Structure formats: structure tokens, C-alpha cells
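# Observations on chain architecture
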Amino acid sequence: MRQYQYLNEYADFMLEDPELTSYLYFPIANENGVMASVTPSLHGDNKMGQNTFLLAPVSAEELHTSKASRNFWFDVEGRKPWSVVGNSSDQQANLFQEEKEKTYLRAGVMWQEVERISETYGLTAKVLSLVPASGETVELMRVTIQNIGSDNITFTPIVAIPLYARSADNYRDHRHVTSLLHRIHTTEYGVIVNPTLTFDERGHKKNEVIYGVFGSTGESNPPVSFYPTVEDFIGEGGSFEQPRALYAKDTVPVLAGETMAGYEVLGGLVFEKLTLRVGEERTYLVAMGYGNSEENFKKEAFKFLSSKAFEDILLYTKNYWNQKINIHYHTGNQDFDHFMHWVNFQPMLRRIYGCSFLPHHDYGKGGRGWRDLWQDCLALLMMNPSGVRGMLQDNFSGIRMDGTNATIIGAKQGEFIADRNNITRVWMDHGVWPLFTTDLYIKHSGDLNFLLVEATYFKDMQAVRGEEKDTQYNDGLGKRVRTVEGEEYQGTILEHLLLQNLTAFYDVGEHNHIRLRGADWNDALDMAKERGESVAFTAAYALNLTTLAQLLEKLEESGVTSILLAKEMELLFTEDITCYSDIKRKKEILYTYCKQVKETVSGHKEEVLVSDLVCNLKNKSEWIKEHIRSEEWLTNAEGFHWFNGYYDNHGQRVEGDFAQGVRMMLTSQVFTIMSGVATKDQVKDVIRAADHYLYEAKMGGYRLNTDFGEVKLDLGRMFGFAYGQKENGAVFCHMAIMYSNALYQRGFAKEGYHVIDSLFKHCNNFDVSRIYPGIPEYIGENGRGLYHYLTGSASWLLLTVLTEMFGIKGRLGDLYFEPKLLLEQFRQDGTAKVEFIFADKSFEVTYQNSKKMDVTEYQVAGIILDGMHYKSQDLACIRRSDILELSDHQKHFITIILS
Ligand code: G1P
């Protein structure tokens, strides 16, 4: 059995023979835009954006089909050249033989080291890769070579890194012609390429980016000569794994100060020939990257061309990231605690890489989607609460007056880009997420007044929930909603939230559930635009209407008895409950409202009593809940019960018994459970059905759906995917974890834990999951984890483990403890610990379960805060006022007595 081992509290890990597993890649990046992926054999790419790739872009397949890598050769006298990353045809030929060189991968957050031992050569080499956290636009490599044999060895070290140096758009289109743009020269320390122009979606433009590879010995001595072009290095008939320059030796490297133009570039650096005596060690350093001028690149790269500088930046980078991960667990299962360290790190990766810039994420040109933006904030709220208020406020400016939102999200916070194409896609779930995140923010901060803060609205030509165009729209006016007088219109955050959820309430299809439109959370349910309905997310909106009502009640308690709302919204608060069942009337209300705000708004506001609003929202929520309960509860021939969650484009119910088999979807259950649509008894029935139809031990848990046995063109492209992959019946971690979250919330701790534990155990079993520690987007039919690192499931797992499993909850700013840890999760001494940040203070909470009771038996019996018994009316709560008095500069220790 192949397994990785954790090495320390920062969850650094070690894996033997890593190159014997395919599709492995590791992220190394910084917050200044450098994004790289690196494999055990140093394949992978490096880029700063769609148009700025230093190393050629790779999808998961190119990790093994491409021979381009960050290669480093030792041309050993009297023998064939040896690649320290295993990329020579001879090493490749021995991969599955006895003679295979032993390799070990060690990695920690944002650094990777691969060690290779060759008994035949008597050499061992370690290659350490990182991107400096201090923000320089370079990737660094340190190669340490040691003579472990019994004879002195003479060799010439050679760096060979092909530089792509252009836009991903030219990977196929204009690949050759764009090499003609390259102006290449050799300098004392390396190879620089300065493409004259860029050819990409922006047109033909003057290029502004310099690319280069510099190198030195550990003592900062420069290379002695260079191979600056691919053609000269690989030679006629050669390849990156058998370069003619090294194997046939019929090409002479050039010296510094040479120029050439119009070729594919190689960062080919030749160091001085050297004899390494028995036991001796040498270090070589490489810096590859970007600059806005040659001087700028030189400056960035030179900083790291000494052994001391490299060691310093390695330490700095390790500390930087490990300090950012400020949530830690200490349970009875250390592997779980370590696994969670990586999960907690993953949301940071998604902020850097977006959804597209690692090899599996080949579905875009960068950026993140609307729901990803809000869900990633969940994790941020937990780890870095102080910057979140501004970020949330800025994000609200992406909402349109018709309740939909901008779907093209800019690089800067709060930047949304107008959709000038005719691609009108409205995802019906988008209105759900902002309130989930805002509610969590208010729970943790007590900042109810945030609801009354004002924000602008987004404007582009899309109007009436994607059904009409505002032909008057002028992009030059700043993408903001304006009043008839031309003033920028602002409304409160509360108004934004009400708009999103109320417009959804009226946007119903023929079964009086909210229309599916372009898709819901499941992006691949995209073929039922006309008649599709998502009952699943209708339930989520019902939950939101209740949450809004509760927030308003709190506002009222705090003395706010009335609020101002856009006059046009009056229509959405109709008191006539009979119209809720009247589909035609609902559509009319929505259409009339949307027409009024299609181009501009009046700018007039109406005063509304908070108590009236509360009542109105509760009525709407209850109506939806009752409607779903009475219409969508299924019982099938085998005696199982669950909720139907969808209608297809023929207006037909999607779940239940069908000729092709039983059809059940997990999403439908998650939101009916989370929203309280499902009664306690119904939750039990759903669990039984999910365990029967969706649970798959070999895939680590609950599949997203059963096999529909049909390419269901009237519902979505997901049915075109092979069953068991991605959105078609894989264990899609994001939804599986939301299922767990819903179960915990409804008091089903054992069942919620079972979901997470199954997933964890599967991921942690490298033999089947074949991924490094962390949670992937999904587990496929053969058990492999795919789309590792950049997934919303990490945010949800972090949230669920902290707030549900460990029960660290905010209640209007108070810190509340509601642990739902199972007995098996406590350590031998009956304790379980969690470290986290709350109200910008650092805490370590120890749950003391001395009587070894299970989750159904214990409750919080007392709190000891920094050594003193803490007294409050509510036994399980520390008041915000007391938290604010605690010192900022030290960690606070809390013991929670369970009995
Ligand atoms: C991805 C997308 C997410 C979408 C989901 C299902 O999930 O990023 O927005 O809802 O697919 O289609 P993720 O990779 O975040 O787990």
C-alpha cells in the first residue's frame, strides 16, 4: 500500500516514488500573481494570467504527454547524461524496472522538494521548488547534488527549461508565428526573451513583459555558456528527454552577450565543469520569471542567487503561509487534523488561482464565478475577519436591480465587467449565496448595522432577468444603476438582499417553483432554460426568506422600526397571500417590477415598517415550505422516501422511479434539509434513501445522483458525462459537505460526521484517491480525486468542521459553543482542541469530556476563560463585551467542561 506520511505539525508530508502516480501536481504561487503547478518530475506550468505564460500551459493530460519540464542535467564524464528530475529517456525506460532510481517527495504549503538517488551514478540530488511569498515575480529552484558513491565524479551541470513566453491563446493558434516575435539574448547569468508583440484576444499589441531564466552556483558564480534556443539544444532528431546537445555533443553552447531572434526559447544554462569528491555536495540555484523590463527581472532574480538568500526565502515562505493558516484542530485522529491544515489552505489557493489555473481546471481563462466569490468569503471570514466587511460591501455592487448579478468578475475587488455579448445566462442559485455569507458575517461580528450600509447596483445591457436588453445602455456611464435624473443610485445592503430573494420568489415556472433558467449550483444542469425548475434551490430561497425575517427582527429589537426601500419594490411586498399560488399573477408582478427598473430607477424611496416586512417574509417562506412538502415528497416502489428537486424542460418531474432505474439527486435533499422544509422524520427518511441509493464506499461517500441511464438533453450537459464523473454521479465534495452541514444543523451529528469521515478517509488513502493531502472537487468512479485544490468544498468543509463539528458559533457577535464531536473524535485523555480567530482575537478552546460521553449525552456545563470560571446566563456563551476586553496580543485559553 502506498501512502504519504505527515512530517510535522504544519502537515508537511513525504511520499515515496511520487512519479509512479499520474496526474499529481502541486501548487506553488504568491499573492503577486505568480501561479505555478509542479509535478514530481518538475513538469507543469507557470503563468501570471491567461496572456502571460512563462512555461507552456498544461492541462492534466500534458503532465505526461509533454516532454517539456524544468529539467536540470548533470553531464557526467564517461557516462550518459543524468537528469535530476528523472526526465531522460534512459530513466524513463527504467521506471518500472528494478533499476528505477529511488525518489522521495517532501512538500509543505507552497514548497516542494524531490530527492532522487542513483546507485548507478553514485549521486543523489534534491530539487526544491518555491515561489517567494515576498512577492517577487519568479519561481525558484535549488538543486543540491551529492556524491554518494566511492569514486570522484566529474560532470557539467546544465539547466534546460523551455520558455513559452506568451499567451495561452497561442498554444495552438499561431504557435509558430508567435515564436518569430521572440528577441532572445544571453546575459552573464542567463537567457532573456523579450517578445516584440503579443498576438491574443486583445489583438496585436506591443509586448510589455520580459521573461527569463537566471542561474548561479550556491556561491553566486554565473554559468559559463548557454543554449538559448530549443532547436540548437535538442538538435535534429533529439528531444527534451534525449537532447542531441548532450547526447551527441555536436552543438557548441554560446557565450553571454549573444542575441538571436525568431525561435522557441530555452533557458539553457551551462555551469563550469566540476569534479565532486566522494561525500561532497554542491548547490545550484535557478530563478525563472517575469519583469516589466530586463533590469526589473534581473533585480528580482538576483535577490535569490546565493545559498544564503535561498535558505532565507525558503524559511520566510514557509512561515508566511503557515501563519496565515490560523485554524488548527487537535482531535483523536492526527491525520484528520493534518488533512484539515491543507483544507484550510485551499481557499487561499482559490483566491490566487481563481478556478482555472491548475492543470485540471481547464475550463476557463481565469477569474472566479459569482457563487465562488461569496463562498470563498466564508473561509476568509473565519481566517481573516478584519478585511471582510469592505469586501462584502464591494461585492454587493455586482447585483442588478432585477435581482440577478454580474457574471464577469474583474481582477480587482468590487470590479464587475459588463456583459456586452449576447450571452445571457442567469444562474437561479446566485441570489442565495450573498445572504449565506452576510448572515455568517453578522453572526460572528454582531455588525447588524452592516445591513443599513449603502451600496451601488450593477448595470449592463442585460435586463428583466436575462430576458430583455436595455438598448439605451451606455457602457461609458460606469456600469452603475442611475436614477432618471442621471444620479448614481444606492440602496442598503438589506435592499440588495431583499431584491435578490424576492425577485426569485416571483420567478416561478409551471409548478410554482423557482425557474432553473441557465442552471443552479450545478452548472451542468444547463439545458432546461424554458421549463426547468429547481425545487432544491427554491427550498434554499425559503431558508433565506426566514433568515432575512430573523435579521429584521434583530434590527427591530435594536431600535430600527422602519427602513427605506426603492419605491419600485412595493410591488414585491404584496400582502395578498392568495397570489402566492397564482403563477400567472406572480409572473406579472415580477415582470411589472423588472420593467420599471429596466433602464433607470425613480430614485424615490418608501418607508416600510420592519414588523410588516418580517411578517411578509415569513409568510412567503412558509408558503414555499408547505408547497414543497405537499407537492414534492416522493415515495417509491421500494418504499423509500425523499424530495424531488427538479423539473426538466418538458415540465416533467425528474426524480422517482423510472424505466431506466431510480432517480435521486443529493442537492434536492441538502436544501430541503437545511431549510427546514424536511421535518425531522423526513430527514430520517431521506438519510435512509441516500444511504441506499447514493452512498458508494469505494468513492468515499454520497454521489451527486443515481445513474439516469439516459443522456437527458432536456435537463443538462451533465448527463453527457460518463456516470460517476464530475456533476454526473461523482462524489462531488462540495455538495456532499453541504449535505453534512445540513445534517449537523438539523441535529444529526452522527450522520453528518459519517459524510465527512468517509470523505476524509477516502482522500487520506493515497492508494485509491491518488491526491496529495486536501480535498478535491470530486471523486471519480475509480476512486481518484480530481480537480484538486481549487474547490468551493474546502470553504464548506472548513466552515462545517469549525462551526458545526466543533460548534464554534457566533451569535450576533457573542461566542457560543455547541460542540457536536463524537466520542471517537476526542483524544485518549478525553479532550479535543481547536485554535481559531474570533473578533480578531486568538483563542484555543479545549473541550473536556472527562466522562467520555457521546454527542447525544453531553452538554456544555461550564467555561474557564484564561484560568477563571466564566459566568454568564447562558452556560455555553461568552459575551462580546467580555471578548472585546481581552488583550489583542496574546492567545486566550478556554476550557469547556462537558458533562
Ligand atoms: C464547481 C464550481 C462551482 C459549481 C460546481 C458545480 O465546484 O466552481 O461554482 O457550483 O462546480 O457545478 P467547485 O470546483 O467549487 O467544487
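Computed from a predicted model, the values in this text were never measured in an experiment. (Residues numbered from 1 in each chain as written. Predicted model: local features only at pLDDT ≥ 70, side-chain atom pairs only at ≥ 80, totals over all residues. Heavy atoms only, no water.)

### Notes on the site of the ligand
Around the ligand, the surrounding shell holds 13 residues, and the nearest of these are Trp521, Glu727, Glu777, Thr791 and Gly792. A distance of 2.8 Å separates an oxygen atom of the ligand from a polar atom in the side chain of Arg350. Within the side chain of Asp372, an N or O atom sits 2.8 Å from an oxygen atom of the ligand. Contact with the protein chains hides 97% of the accessible area of the ligand, taken as 380 Å² for the molecule alone. (Near = heavy atom within 4 Å. Polar contact = N/O pair within 3.5 Å; in protein donor to acceptor, adjacent residues only side chain to side chain. Areas by Shrake-Rupley, 256 points an atom, 1.4 Å probe, with all protein chains shown as cover.)

### Details of a nonpolar patch on the surface
Taken together, Met527, Val711 and Leu713 make up a surface patch of nonpolar side chains, about 280 Å² in accessible area. Position of Leu713 relative to the elements: it lies in the loop between β40 (701–702) and β41 (731–732). Residue classification places Leu713 among the exposed residues on the basis of a relative accessible area of 59%. (Patch = residues over 30% accessible without salt bridge, like charges linked within 9 Å, V, L, I, M, F, W, Y side chains within 5 Å. Salt bridge = Lys/Arg side-chain N within 4 Å of Asp/Glu carboxyl O. Helix = DSSP H or I, 4+ residues; strand = E, 2+ residues; numbered from the N terminus. Buried < 20%, exposed > 50% of the residue type's maximum accessible area, 1.4 Å probe, protein only.)

### Side note on the sheet that holds strand β50 (residues 877–878)
Judged by pairing direction, the sheet is antiparallel, and its three strands sit side by side in the order β44-β45-β50 without closing on themselves. Two strands bound the open sheet, and with one partner strand each, they are β44 (808–811) and β50. In the sheet, β44 pairs with strand β45 (residues 814–817) via four bridges, with the strands oriented antiparallel. From the neighbouring strand, Lys809 faces β45, where its bridge partner is Tyr816. (Pairing = 2+ DSSP bridges.)

### Topic: the environment of Asn8
Here Asn8 shows up in the loop between β1 (5–6) and β2 (13–16). As for Asn8 and Thr229, which are separated by 221 residues in sequence, their C-alpha atoms are 43 Å apart. Within the structure, the side chain of Asn8 is placed 2.9 Å from the side chain of Asp12, a separation counted as a polar contact.

### Quick look at the nonpolar core
Buried together is how nonpolar side chains tend to be arranged in soluble globular proteins. Within the largest apolar cluster, 273 residues are counted, with the highest numbers of intra-cluster contacts made by Phe671 and Phe817. A per-element tally of this core places helix α13 (residues 535–557) first, with 14 residues. Core analysis: the second largest hydrophobic core is formed by 18 residues, Phe214, Phe304, Phe310 and Leu314 among them. (Core = buried A, V, L, I, M, F, W, Y, C linked by side-chain atoms within 4.5 Å.)

### As for the pairing of strand β7 (residues 71–76)
Counting buried positions over the six residues of β7 gives six, a clear majority of the element. A two-sided burial pattern is seen for β7, the buried positions comprising Asn71, Trp73 and Asp75 on one face and Phe72, Phe74 and Val76 on the other. The pairing of β7 with strand β13 (residues 153–163) spans six bridges and is classified as antiparallel. Within β13, the position partnered with Trp73 by the bridge is Ile158. In this antiparallel pair of consecutive strands, β7 and strand β8 (residues 82–83), the connection spans five residues, and Gly78 shows a positive phi of 80°.

### Some remarks on the environment of Tyr506
Inspection of the secondary structure puts Tyr506 in helix α12 (residues 493–506). Take Tyr506: its relative accessible area is 0%, and that puts it in the buried class. Along the backbone, Tyr506 and Ala742 are 236 residues apart, and their C-alpha atoms lie at a distance of 26 Å. Dropping the residues within four chain positions of it, Tyr506 is found in contact with Leu571, Leu572, Phe573, Thr574, Lys586, Lys587, Ile589, Leu590 and Lys620. (Contact = heavy atoms within 4.5 Å.)

### Topic: the pattern of salt bridges
For the structure on display, the rule yields 72 salt bridges. Glu606 serves as the salt-bridge partner of Lys567, at 3.9 Å between the closest nitrogen and oxygen. Taken together, the residues span a long stretch of sequence, with Lys567 in the loop between β32 (562–566) and α14 (583–596) and Glu606 in strand β33 (residues 605–609) at a distance of 39 residues. Take Glu606: its relative accessible area is 27%, and that puts it in the partly exposed class.

### Here's the deal with the pairing of β45
Adjacent in sequence and paired antiparallel, β44 and β45 are bridged by two residues, among which Leu812 carries a positive phi angle near 50°. Pairing between β45 and β50: two bridges, direction antiparallel. By the bridge assignment for β50, Leu815 is matched with Ile878.

### Quick word on the packing of helix α16 (residues 666–675) against helix α18 (residues 733–745)
At a minimum axis distance of 9 Å, the contact between α16 and α18 shows a crossing angle of 25°. If you check the angle between α16 and α18, you find them roughly parallel. Where α16 crosses over α18, the two elements pack in a sense that is left-handed. Contacts from Leu666, Thr667, Val670, Phe671, Ile673 and Met674 in α16 reach Met735, Ala736, Met738, Tyr739, Asn741, Ala742, Leu743 and Gln745 in α18. Residue classes in the contact of α16 with α18 are distributed as 11 nonpolar, three polar and no charged. (Axes fitted to C-alpha atoms, helices over the stretch in contact; angles between N-to-C directions. Parallel < 35°, antiparallel > 145°, perpendicular 65-115°, else oblique. Left-handed = near helix turned anticlockwise from the far one by under 90°. Nonpolar A, V, L, I, M, F, W, Y, C, P; charged D, E, K, R; others polar.)

### As for the packing of aromatic side chains
Applying the stated criterion across every chain yields a total of 58 aromatic pairs. Ring centres 6.1 Å apart and planes at 85° place the aromatic pair Trp73 and Tyr247 in the edge-to-face group. Here Trp73, found in strand β7, pairs with Tyr247, found in helix α5 (residues 244–247); they are 174 residues apart in sequence, far enough to count as distant. Stacked on the ring of Tyr164, the Lys or Arg Arg166 has its end atom at 4.8 Å from the ring centre. (Phe/Tyr/Trp six-rings, centres within 6.5 Å; stacked < 30°, edge-to-face > 60°. Lys NZ or Arg CZ within 6 Å of the ring centre and 35° of its normal.)

### Re the UniProt feature "domain: Glycosyl hydrolase 94 catalytic" (unreviewed entry) in the protein
UniProt records the feature "domain: Glycosyl hydrolase 94 catalytic" (unreviewed entry) at residues 320–554 and 618–805, using the numbering of this structure. As annotated, residues 618–805 has a helix share of 46% and a strand share of 15%, and its two end C-alpha atoms lie 29 Å apart. (UniProt positions renumbered as here; feature names shortened; annotations may be inferred.)

### Considering the UniProt feature "domain: Glycosyl hydrolase 94 supersandwich" (unreviewed entry) in the protein
With numbering matched to this structure, UniProt assigns "domain: Glycosyl hydrolase 94 supersandwich" (unreviewed entry) to residues 118–304. Between the C-alpha atoms that bound residues 118–304 there is a distance of 28 Å. The span itself is 12% helix and 44% strand.

### Focus: helix α10 (residues 388–396)
Every buried residue belonging to α10 is among Val388, Met391, Leu392, Asn395 and Phe396, and all of these are buried. Buried residues along α10 cover an arc of 140° about the axis, so they all sit on one side. (Arc of directions from axis to C-beta.)

### Remarks on unusual backbone geometry
In this model, Tyr23 sits at a positive phi of 65°, which is unusual for a non-glycine residue. Position of Tyr23 relative to the elements: it lies in the loop between β2 and β3 (26–29). Residues other than glycine seldom take positive phi values, yet Lys479 does so here, at roughly 55°. Residue position: Lys479 is located in the loop between β29 (468–469) and β30 (490–492). Judged by relative accessible area, which is 25%, Lys479 ranks as partly exposed.

### Regarding the sheet that holds strand β24 (residues 328–330)
Pairing in this open sheet of six strands is mixed, and the strands run β24-β46-β47-β51-β48-β49 from one edge to the other. The sheet is open, and its two edges are formed by β24 and β49 (868–870), each paired on a single side. Across the sheet, the mean angle separating the axes of adjacent strands is 25° when strand polarity is ignored. As paired strands, strand β46 (residues 831–838) and strand β47 (residues 841–848) are joined by eight bridges and run antiparallel to one another. If you follow Lys833 over to β47, its bridge partner there is Thr846.

### Observations regarding the state of the cysteines
This model, assessed by the stated rule, comprises zero disulfides. The thiol of Cys355 is unpaired, and the distance to the nearest cysteine sulfur, on Cys377, comes to 13 Å. Lacking any disulfide linkage, Cys594 is separated from the closest cysteine sulfur, that of Cys579, by 15 Å. (Disulfide = S-S within 2.5 Å.)

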